[in-house]
Amino acid sequence: MASTEARFSPNVVSLQIRGPGYGDLSFYDLPGLFQVAETKGDDYLVDVVDNLTRKYVGRDGAIIMLALPMDLDLDNSKTLGVIRQLNAESRTIGVLTKADRPDFNRQDTIAYWLSVLDEKKQRVKEEGFYVTSLPPESRNLSAWEETFFRAGIGSRWPRSFDRFSARFGVDQLRCHITKALGDAFASSLPDIKQKFRRCLEQTGEDLDKLPELPSNVEHQVRMSLRDFYTSARRAVDNGDFEQNCKELTEGFFDCLVQMKPRITNAQKPRPRLPVEEIVVVSDDSELEIIGTKRGPPKGSTADPVTRKRRTDLLSTPVKTEEYFTQATFQSPATPTLSVLNNPNRVHFQGLLKEKGTIFRLSLQDIHKQIKLKTRGGFSDVVPFEVHEDLCLRAVSQWESPLNLYINKALAMLTSTVVEALERSLQQFSTRLIYKESYEFLMAFLKAEGAHQQRRLEGLLKNETYKAVTINESGLNFFETQEKKLIEGYRLFTRIKAAGLIDEDQNFKRDTQMSREEMQEQNELLDKHRAHFPEDEYQREVDVAAKVRAYYMTAATRFVDGASMDLNSRLFRKFSDGALDYYLDDKLGLSSYTSGTDYDQLMEEDTATAQRRQQLRKDREKVKAALDRVVALETSPTRQQDRQQPATRFDAFSGNDGTMEI
C-alpha cells in the first residue's frame, strides 16, 4: 500500500515562547536546498524549497545564519549560491559544524579549511565562519568544546587553527549573534521610532473620526443618573401614582366582590306554602319571580293580579352580582362608597365573563352538604366542615384576578419609572447610557415583579388553607347584611308571586334607595311577613349568609394585605434606593470607575465604544514603546542592559546538514 504521508509542507509551523525574560525575536528554520528529489514525483519540491529560501533570505531586515558541515565541500552549497545572488553576504553569519569529522591528517584538508577560516574561500561577514562541534553522547557542550578546541584531543584539531580560536565554540557564536542582533536593533531604532510616530498619528486621526463625547463625561453620567433616581422616587411617591394604585386596588376588590358566591334555588317549595313558586335568590333586583298564582292568603284585601306564566325562565338564571360593587375599599364595619367612576374596573370585567370564574351554589347543594356531613344525633347542628368547605371553595377562585392585579400594578409602575428615565436621560437617548439603563431597568422590574408575585401567591395560599378570622365584628357585620338581603329577597318574591304587590315592582337593596324608599320597602315586608310560614330553607339560608359573609371578610383582608405588601415591598424598593445600587452595579459605576468606563457609556453604540477603547489602548502602547526607543537612543548603557531585540531571526537547515539563517 502506497504511503500518503506528506514529505514537505510550505506552511509555517509556529512555536511561540513568551515571557518577561524573552526578547522579541522571530526564528525561522527552513529546509535545506537540494538538487534532486528522492522520487520523480517529488521533483516539484526542488523549486518549492528554492522559492521559499529566496523569500526569507531576500528580506532586508533578516540576519541569516548559514550552517555548513565540515565533512562536506563548501563549494557544493547551493544555499550559499542563493545568498550571493541576493547580495545577502553582509547579513550572513557563517557557522561550520561537525568540526571533529574532517581528516586532518591530510595537509590539503588543513590547507582548505585554513583558507576558509582566513576568509579566502566562500567569504560571508567580515568576522568569517564560526566553528562548533557536538560532544559525543550527552556530555556538556561548553566543556567538550573547551577541551576539543584548546587541548587538541588526540591531535585531531590542528594547532595551526589556534589564531582563529576567538571564533571556536557555541559560546563565542552566542556572543557574536547577541552583538549582531543588538547592532541591528540599534541601527533600526530611527526607522522604528518613525513607524511608531506614524502609528501614533494614525491612531489619533482614527479617534478624531469617532463621534465626539460630551465634555466632563463623568459629571454628566453621574448627574443624569442621580436625577433619574430622584425622579423615580418622586414619581412613585407622587399623589397621582398613589391614586392610580388606590383605584386599581379598588377595582381588584370590586372584582372579588362581584365574584361572591351566587346562591340559587330552583326547586319547587312544598305544598304547605301559599303558592307554588320557583325562586332565584340573587342580589340582582331585576330578576323576576316565576310561579303560578293561587290568590292572596286568607284575610288579605289585595286584588288578584293576572300574570302570564313565563316558561322561558324555568331554568335558574344567575345575573351579575351588584351588591357591594359600589363600595370603596374600607374597613369591614365602615359603610362603602361608590366607585362606579373607577376606570380600573374595566380591567377586571373580562374575568367575570369567563366560565367558572364565579362560584355558584344552590340552597339544595347546601342542604345535601349538611345532610352528608351531619352525624347521627346532631341533626339540629350544622357541621363546621360545611361552612369551611364552602368558604374555601369560594376564595379559591381568586388566582386569575390576583394575576391581573399584579400585572396591572407592574405595568403602572413600569410606565411611571420609564417616564422618569426618559425625562432624566432624554438628551442622551442615542447614547449607550440610555440604552443600557433602560435594559437594566426592565430586568430589575422583571425580577422584582416575579418576587412580588410569589409573595402574593403565598398570601392566596394562606387564604385557601383554612377558614379563619379574628375579625368577628367585620364577619358579623357582613353576615347581618347578607342574611337581611337573602331573607328579604326571598320574602319579597313570595309576596310578589302571591299577587300581593304589583308585578312591575322590584326588590331594591339599601344602597339603591333613599331613606324614605327604604322605610317603605321594610314596612311592606313587615306587613306581609306574618302571612307566610317559616322558610323551609332557613338553615340553608343561614349557611349561605355565613359563607358570603366570610367571603367578604376574607376578600377585605386579602386585598388589604396584597395592597400593603405591594406598597411596602415592591414600591418601597425605589424609596430605599435599591434601584440606585442595582443600576450603578450593572453599569459598572463605583468609586474606582475609570474615565474610560464613563466614556463608554456615552458612546452611541457598542461597536463605537469598543473601537474607541481599543484605539486608546493602542495609543498608550505606542506611546510607551516610543518612549522606550527614545530612551535607548539616548542611553547606551541602558540600551545594553534593557535591549529587547525586535529583529527577525531566520534559520534554514537542509538535508545536507546545513543551516541557514
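Please refer to the structure higher up on the page.
Residues numbered from 1 in each chain as written. Predicted model: local features only at pLDDT ≥ 70, side-chain atom pairs only at ≥ 80, totals over all residues. Heavy atoms only, no water.

Novice: Where do I start with unusual backbone geometry in this structure?
Specialist: Trans peptide bonds make up the majority, and among non-glycine residues the majority have a negative phi. Look at N87: it is not a glycine, yet its phi comes out positive at around 55°. By secondary structure assignment, the location of N87 is in the loop between α2 (78-85) and β3 (92-97). Not every positive phi belongs to a glycine, and K98 is a case in point at roughly 55°. Counting through the fold element by element, K98 comes out in the loop between β3 and α3 (107-117). For K98, a relative accessible area of 31% puts it in the partly exposed group. (Helix = DSSP H or I, 4+ residues; strand = E, 2+ residues; numbered from the N terminus. Buried < 20%, exposed > 50% of the residue type's maximum accessible area, 1.4 Å probe, protein only.)

Novice: I tried to follow the packing of aromatic side chains on my own but got confused; where do I start?
Specialist: Applying the stated rule across the entire model yields 19 aromatic pairs. Both rings, one in F149 and one in W157, keep their centres 5.1 Å apart while their planes meet at 80°; by these two values the pair is edge-to-face. A single burial state applies to F149 and to W157, both of which are buried. Taking the centre distance of 5.7 Å and the plane angle of 50° together, the rings of F228 and Y229 count as tilted. According to the relative accessible area criterion, Y229 is buried, its value standing at 6%. Aromatic ring contacts, followed pair by pair, group F252, F348, W398, Y405, Y551 and F558 into a single cluster. (Phe/Tyr/Trp six-rings, centres within 6.5 Å; stacked < 30°, edge-to-face > 60°.)

Novice: Got a minute to help me understand the environment of Y405 in this structure?
Specialist: Mapping Y405 onto the fold places it in helix α11 (residues 399-424). Taking the C-alpha atoms as reference, Y405 lies 9.5 Å from A562; in sequence the two are 157 residues apart. The residues contacting Y405, other than those within four sequence positions of it, are L248, T249, F252, F348, A562, S563 and L566. (Contact = heavy atoms within 4.5 Å.)

Novice: Would you take a moment to explain the pattern of salt bridges for this structure?
Specialist: Oppositely charged side chains can form a pair if their charged atoms are brought close together. Within this structure, the stated rule accounts for 21 salt bridges. Between D542 and K483 there is a salt bridge whose closest N-O contact spans 3.3 Å. Of this pair, D542 sits in helix α15 (residues 538-575) while K483 sits in helix α13 (residues 472-497), and the two are 59 residues apart along the sequence. For D542, a relative accessible area of 28% translates into the label partly exposed. D526 is paired through a salt bridge with R529; the nearest N and O atoms lie 3.1 Å apart. A residue pair is termed a helical-turn pair when its members lie 3 or 4 positions apart in one helix, as D526 and R529 do in helix α14 (residues 515-529) at three residues. Judged by its relative accessible area of 49%, D526 falls in the partly exposed class. Because the salt bridges share partners, they merge into one network encompassing K260, E482 and R548. (Salt bridge = Lys/Arg side-chain N within 4 Å of Asp/Glu carboxyl O.)

Novice: Explain the pairing of β3 to me, please; I cannot follow it from the model alone.
Specialist: In the case of a regular strand, side chains alternate between the two sheet surfaces. Counting buried residues along β3, six of its six residues qualify, which places the element largely inside the surrounding structure. Where strand β2 (residues 63-69) and β3 come together, six bridges link them in parallel fashion. Of the residues in β3, the one forming a bridge with I64 is T92. For the crossover from β2 across α2 to β3, the handedness is right-handed. The pairing of β3 with strand β4 (residues 130-131) spans two bridges and is parallel. (Pairing = 2+ DSSP bridges. Right-handed = clockwise from strand over helix to strand, strands pointing away.)

The quantities given are spatial measurements derived from coordinates; they are silent on function.
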